[in-house]
Amino acid sequence: MSGIVLKDLNVWFGNGLARVDAVKNASFSVPLGESFGLVGESGSGKSTILRAITGLAETWSGFIEIDGNSLGRKRDEQFYKTVQMVFQDPYASLHPRHTIDQVLSETLSLHGFSDIEARIEKLLQDVGLGPAFRFRYPHQLSGGQRQRVAIARALAPEPQILLLDEPTSALDVSVQAEILNLLTDLRAKRGLTFLMVSHDLSVVSHMCSRMAVMQNGNIVELLSVEDMRAQKANHAYTQHLLKSSLGYTPSETTSG
Amino acid sequence: MSDSPIASHQNLPGWRAWLLTDTPTSRRHAKMASLYQNWLQFQSNPMAMFGFLILLALVLIAAFAPLISPYDPFVQELGNRLKPPGVEGHILGTDSLGRDVLSRLIYGARITLYIVTLVAIIAPLVGLFVGTVAGFAGGFIDVILMRITDIFLAFPRLVLALAFVAALGAGIENAVLAISLTAWPPYARIARAETLTIRNSDYIHAVRLQGAGAMRIITKHIWPLCISSLIIRVTLDMAGIILAAAGLGFLGLGAQPPSPEWGAMVSDGRKFILDHWWVATIPGIAIFIVSLAFNLLGDGLRDVLDPKESGQ
Amino acid sequence: MTNLLDVEDLWVRFPTRSGMFDAVRGVSFSLGKERLGIVGESGSGKSMTGRAILRLIRRPGQVEATRIALEGRDLMTLSEKEMRAVRGYQISMIMQDPKFSLNPVLKVGDQIMEAYQIHTKGSAKEARQKTLDMLEAVAIRDPERVFDAYPHEMSGGMGQRVMIAMMMIPDPKILIADEPTSALDVSVQTQVLDIMDKLVRDRGMGLIFVSHDLNLVASFCDRVLIMYGGRIVEVCDADKLHDAKHPYTRGLLNSLPRLDEPRPKLDVLTRDPAWRDEPSVSGAL
């Protein structure tokens, strides 16, 4: 059953001479229930793909299909119930003047749920936050706690697909472990599909089963995590990424 | 941020601990705790507290004017004109018609507050609405709204006030209206600039991804964030507004005699300034003190109200 | 032989609404002509330690130490004027993001020249030549062009190399690098680290490398100090890091996802409050 299908996706900003092609001819598919990674450095276009899927990219061409429905310019209620996103920066993804309770109850009421009280309590429980956190403001929470709230918000409409934009890159290593474990648990419990963007190869290898490696807007290679672990990468850039993520090794000084 | 309540708060009386808790138990609790903590932060700024207390005094004086004022501000005593301060029970002296300056000052506080309140409500609200809609919608709507803003910005206050007076008659309300109509454009610009920044934040993207429409985003998400800058800007504009009203009063377009509006008192006293300095200077000092108080308050508010983000 | 740097019992405190907050609590270590890594999470006090050495912590922060000695000379006794002669000239610091540490309105060449001219007397011509030499030393291929460029015209990696050039041009004895590669892409990191490695080695300098990235520090440095809650909880040689003893270090190592060791769940670090109360381990040589 199809989850996410991308064919020849092009995303660009500006036009004419000022046009910047952020994503060029990207194609891949993520069956429902799978966890798929998009790896690349800054400027590779990986986050832009997520934006295009969620309808936040103005100019794009190609084919995007979610759960069998081809996407156009706008997104509708059905889409928002199926696909949700967790953003990178926990310090920027929660409204500074809204309590956690407000964030969750607004989300729930926007999706038309009526048993909001019960759902809020359950959501907080599912992400490992007790009721003490319910009426706090974001500045009273740590980075990891905020990210849990962001995950709770994304799970509120009971989506099938979660888009994760570098969900742990702004967090400490120990907090990252908690959040990644939480995501793994939630995925197992709810049968979610993940599309995870990261620059960190080890995080993607831990969380995903397959990945696409991106460089300068192009997908240079699609491979499984097993192949990545076995260092069976074909493309030179993938090999380079692999080597760099294994730690620092003194190399020939390259000039730039 | 730790999960346990800060240890030092366990020794406080019940209500303070309730307000300082970092685990509020309801929406109301959260709101009040937040306000209280902002208040505490505000209190730690002595200059801002000074400004606040002066304004509090202004409000109390205006409220209890009939009780505090030694004389009726309108009663003329032509035999007692232009008496210097400290003479015969007139602490601040008398003006050109023998009216007690102190009493006029006290009743004038009411008028000043009236002007300030009306303008402080009308101008920022209009500016907020126009600016946020323009900033959020972008494109054509943005262009139109901003050109309208530019047009109003181009109007000189006095010319507009003259037009109003010609149409509706002189009086303080019309003067206030004229001032508000020329005061709102800067607020629109501030609101628009803030909206343009906020619009690209992840939390706005997140709520859009929940299917929220433009109106909800503007009113519930953007307005709360713009309001702080507007409040700060209003307090800093107060001095100018009071003086603008005074200027209109001077032209006879604002407060009509015998109204004890401070600005009108200053312009009345111009004629006597060399020999009888107190008639113009004392209301001038009052305007100065109130403007200063608003400025200090504005500075203090800015320190408190800037969004508490990325608290590492 | 005197060590390059000796720090004894360093404390850094900040007053807050709820009392004094101790960011660094009794840290002691020495630095020889080696690469010393200081690893910790946010709030561990690692950055504060680096800044305290250079007396970059302003009021209301308070810095106390029994001794901070640069080649035997106690920096705590120096006046601000004398300290200025130390900063940049004897001890330099590189910070995380060149976007924020380079002046955006000055040309890069001018900034580097300024760093040189503050500490050395010489003509502008000399300074310019030295700057160009330094830019070449940090592997910038076209030093003349970069000399006239502005910071925003450069990529992150290049900006960081410019930062290194600026900080190394006065030929300091010690370089403190505070998360120098955290804002850079992984492939650029290697390049920047190579340059730092070469320069430190060639000049016989000491390097203090502050980072949250345990693996990076283990592969780049000679010795590692692990900080938690303002204290040093463990000191070990970099190549023996994976045999570390302290439960916090082990916890950190185990909570990292690893390419070469697949695991269904990562180990979650359970913080023992006792770690905060243990005395700081000395990192003296």
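Predicted model only: the values in this text are computed from it and were never measured.

Colleague: Help me get a handle on the sheet that holds strand S7 (residues 91–94) of chain C, residues and values and all.
Modeller: Residue and element names in this part refer to chain C. In spatial order, the strands read S7-S8-S9-S3-S10-S11; together these six strands make up an open sheet with mixed pairing. Two strands close off the open sheet at either side, each with one partner strand: S7 and strand S11 (231–237). Sheet twist, expressed as the mean angle between neighbouring strand axes with direction ignored, is 20 degrees. In this sheet, S11 lies alongside strand S10 (residues 223–228) in antiparallel orientation, the contact comprising six bridges. Bridging across to S11, Leu 225 finds its partner in Val 235.

Colleague: Any chance you could break down the layout of surface pockets for me, citing the residues and the numbers?
Modeller: In this model, the second largest pocket occupies a volume close to 760 Å³. Taken together, 22 residues form the lining of the second largest pocket, with Gly 55, Leu 56, Glu 58 and Lys 74 of chain A together with Arg 208 of chain B sitting closest to its centre. When residues of the lining of the second largest pocket are traced back to their parent elements, those giving at least two are helix H1 (46–54) of chain A together with helix H5 (101–137), helix H9 (202–208) and helix H10 (214–250) of chain B.

Colleague: Before we move on, could you go through the environment of Val 87 of chain B and cite the residues and values that matter?
Modeller: Assignment of secondary structure puts Val 87 of chain B in the loop between helix H4 (65–68) and H5. The exposure class assigned to Val 87 of chain B is partly exposed, which follows from its relative accessible area of 23%.

Colleague: Give me the lowdown on the sheet that holds strand S9 (residues 210–215) of chain A, citing residues and values where you can.
Modeller: All names here are of chain A. One open sheet accounts for six strands, arranged S6-S7-S8-S3-S9-S10; its pairing is mixed. What marks the edges here is a single partner per strand, and that holds for strand S6 (83–86) and strand S10 (218–224). Within this sheet the neighbouring strands show an average axis-to-axis angle of 20 degrees, counted without direction. On top of the sheet, helix H6 (residues 173–190) reaches strand S3 (35–40), strand S7 (161–165) and strand S8 (193–198); it is set at about 155 degrees to S8, its chief contact.

Colleague: I'd like to hear about the confidence of the model for chain C, residue by residue, with values.
Modeller: Scored by pLDDT, chain C comes out at a mean of 88, with 100% of its residues at no less than 70. Model confidence for the complex: the whole-complex pTM is 0.84, and ipTM, which rates the interface, is 0.87.

Colleague: Now, about H6 of chain A: what can you tell me, with residues and values included?
Modeller: Between its terminal C-alpha atoms H6 of chain A stretches 26 Å, which fits the 26 Å expected from 18 residues at 1.5 Å a residue. For H6 of chain A, the full list of buried residues reads Val 173, Ser 174, Val 175, Gln 176, Ala 177, Ile 179, Leu 180, Asn 181, Leu 182, Leu 183 and Leu 186 of chain A. Buried residues in H6 of chain A make contact with helix H4 (116–126), helix H5 (143–155), S7, S8 and helix H7 (201–207) of chain A together with helix H10 (247–254) of chain C. Just beyond H6 of chain A, the residue with positive phi is Gly 191 of chain A, at close to 60 degrees.

Definitions and limits used
- Residues numbered from 1 in each chain as written.
- Chains lettered and ligands numbered in written order.
- Predicted model: local features only at pLDDT ≥ 70, side-chain atom pairs only at ≥ 80, totals over all residues.
- Heavy atoms only, no water.
- Pairing = 2+ DSSP bridges.
- Helix = DSSP H or I, 4+ residues; strand = E, 2+ residues; numbered from the N terminus.
- Axes fitted to C-alpha atoms, helices over the stretch in contact; angles between N-to-C directions.
- 1 Å grid on protein atoms, 1.4 Å probe; cavity = no way out; pocket = protein on both sides within 12 Å on 5 of 7 lines; lining within 4 Å.
- Points joined across faces, edges and corners; volume = space filled by probe spheres on them.
- Buried < 20%, exposed > 50% of the residue type's maximum accessible area, 1.4 Å probe, protein only.
- Contact = heavy atoms within 4.5 Å.
- pLDDT = per-residue confidence, 0-100.
- Expected span 1.5 Å × (residues − 1).

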